[in-house]
Amino acid sequence: MMGSDPLLEVRDLNVWLPAAAGGPRVHIVRDVSFTVGRGERLGVVGESGCGKSTTLLSLVGLLPARAAVSGSIRLDGVDILGGAAPRGQALDSARGRDIGVVLQSSMNTLNPVYRVGRQMLEALRPEARADTGQARARVRDLLERVGLPPRVARAFPHELSGGMRQRVAIALALAPEPKLLLADEPTTALDTIVQARVMEVLDALCAEDQMSVILVSHHLALAARFCDRLMVMYAGRAIEHAAPEKISTLSSHPYTRLLLAATADLGTRKDAVVSIPGAPPSLALAHTGCPFEPRCPERFGECADRVPPLDQIGADHHVGCFARHTKGDLA
Amino acid sequence: MRPMGLNIRDLVIDYPARRGSGATRAVDGVNLHLDRGEFVGIVGESGSGKSSIANAIMGLAPVTSGEISLGDTNLAALRGKRARHARRPLQLVMQDPFEALDPHLSVHRLVEEPLVVHKLGRSREERRTRVREALEQVGLSPAEDFEGRRPHELSGGQRQRVCVAAALIVDPHVVIADEPVSMLDVSVRAGVLHMLDASRRRGNAVLMITHDLPTAAAFCDRLIVMHQGRIVEQGTSLQVVGNPSHHYTRELLDATPALGRQSASVPGS
């Protein structure tokens, strides 16, 4: 993937969430491994319940208290999940300084009773807060970078439109100068045109700062446009890692291709838009084979017996599918 | 009875003044016609007035002035029981399948309800048969496996299919679908849209309100683009997407991320 020294390295991440009333616990993230290089943008795509948001939240310790986590998450070589460092401390410093977070609903991120400027001042690193004049200038600068006028600093969140609030949320996430920005469906609540503008702002800022980004989205086209690499998740597993241009090719995972076929693009005819029959498997159960096997048009004997490993089938392209391995070998 | 077309003339919808702000004109002089056998899409962003039109058609939003007629009847001029009766050929599919269904009722009761309300279906047996047909029609098959379930035992896509089944069971002449798939996962959206298209093929008119331009362009014969309460452009989907004339439509098209998926083929086919 990227150089020898990635910014973020996640190995064999597993997350179990507590069950509701007596049922079995839910194994929501299953053996997920990935890296994010410096300045690299990773898109995590998949449908609701596939584990993409849980994967993201586990990076910043925002999982429910009763969740069980295993594996390792190394940020700049430091394990921020467990291991030697006291769990809480490592996570807190990483969350506050090195990892910025933008969530779908900025109304929940922003405090409704404080003006925007005060919230942004609090988000600055302590050393940047020491001089009031400089700190204020920094807040103005951050607002300007997300395309907002200085007067927004005096506004309360409810006085702003959805698009403006989401820009404030981005400015807030960028205030402590994080190395990694996590964005979970940052524009899903916005209209198409506002969404495009917010993504442009994010794009320009990340390029200026050479910031690493993980973008979680169910919007394949949006993630493909913004990211260097995509990770497709299904039923808690990463089933494909690919450069965006690879996911619309024949060598892509059958699920990825069906997901694409279920999405209308401008100019797609309705007959070409088809849904995927069946439903994802329950995450309360263990899967013996490929989790997509029951719905897969390309399944064969081996698929039901064991989980296909993620194998490299091309440059920057890893797919967890027995059908693809065969074709990859022939190519 | 022949399915009737829907005609909207000079529709204006004002929402009354609230503390700190004056009255809001949500819809400002809209004319549109929906013929039987037509699938028409209204696209635009939130606040463009597209949902207000859907709500006014269903009698859920106040009409300040203008006409909404179904056949020869001006729905906007009727009140009470007569208005309800006149709207019988209209059915609404809402955005949120989680809110639209009473959690206490079984799928059978939910889909049967419109028949009971409209006094259609003479006996319980006849209603049961029609409910099963409707469930099969929307792909909840075999119907016997689904009719006893309650909404929480269904996925989001299945719930929206129940909503569509309940809308289609009275064989409406006009189906108004307000963001019918925006809450659903991508993999199940197409199923619901093809169901609405099947209703169109049976001669009914379908009006879909959405902010998803690619989906509207794929399924609708005609597109109406709304901006700030007015129609800024309308035409066949091909015209609007391929050769937009209004700058707002062009802006909307430019803002739409695309995958270039035409090159992708469906595996196994």
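Cut-offs and rules
- Residues numbered from 1 in each chain as written.
- Chains lettered and ligands numbered in written order.
- Predicted model: local features only at pLDDT ≥ 70, side-chain atom pairs only at ≥ 80, totals over all residues.
- pLDDT = per-residue confidence, 0-100.
- Contact = placed C-beta atoms within 7 Å.
- Core = buried A, V, L, I, M, F, W, Y, C linked by C-beta atoms within 7 Å.
- Buried ≥ 20, exposed ≤ 12 C-beta atoms within 10 Å, placed from the backbone.
- Helix = DSSP H or I, 4+ residues; strand = E, 2+ residues; numbered from the N terminus.
- Pairing = 2+ DSSP bridges.
- Axes fitted to C-alpha atoms, helices over the stretch in contact; angles between N-to-C directions.

1. With respect to the confidence of the model for chain B
All names here are of chain B.
- Overall, the prediction assigns chain B a mean pLDDT of 89, with 95% of residues at 70 or greater.
- In this model, residues 262–269 is a region of pLDDT below 50 whose contacts with residues beyond four sequence positions or in other chains number 17 contacts.
- In the predicted complex, the global pTM is 0.87; the interface-specific ipTM is 0.82.

2. Things to note about the nonpolar core
- One finds Ala171(A), Leu182(A), Val111(B) and Ala165(B) to be the most contacted residues of the largest nonpolar core, which totals 176 residues.
- Examining the composition of this core, we find that eight residues originate from one element, helix H7 (residues 162–174) of chain A, more than from any other.
- Once you skip the residues sitting within four places of it in the chain, Leu182(A) turns out to touch Leu56(A), Leu59(A), Val60(A), Ile99(A), Gly100(A), Val101(A) and Ile214(A).

3. Quick notes on the environment of Val181(B)
Residue and element names in this part refer to chain B.
- On the secondary structure map, valine 181 appears in the loop between strand E7 (174–178) and helix H8 (186–201).
- Through-space distance from the C-alpha of valine 181 to that of arginine 19 is 34 Å; in sequence the pair is 162 residues apart.
- Setting aside chain neighbours within four positions, we find valine 181 in contact with Arg189, Val192 and Leu193.

4. Focus: the sheet that holds strand E9 (residues 222–227) of chain B
Residues and elements named next belong to chain B.
- Here we have six strands laid out as an open sheet, ordered E6-E7-E8-E3-E9-E10, and mixed in their pairing. Looking along the sheet, the strands with just one partner apiece sit at the ends: strand E6 (90–93) and strand E10 (230–236). In this sheet, adjacent strand axes meet at a mean angle of 15 degrees when their direction is disregarded.
- Across five bridges, the pairing between E7 and strand E8 (residues 205–210) is parallel. Bridge assignment links valine 174 to a residue of E8, and that residue is alanine 205.

5. Here we look at unusual backbone geometry
All names here are of chain B.
- The peptide bond linking serine 141 to proline 142 adopts the cis configuration, its omega dihedral lying at -5 degrees.
- Here proline 142 lies in the loop between helix H5 (124–137) and helix H6 (143–146).
- Although it is not a glycine, glutamate 179 adopts a positive phi angle of roughly 50 degrees.
- On the neighbour-count criterion, glutamate 179 (19 C-beta atoms within 10 Å) is partly exposed.

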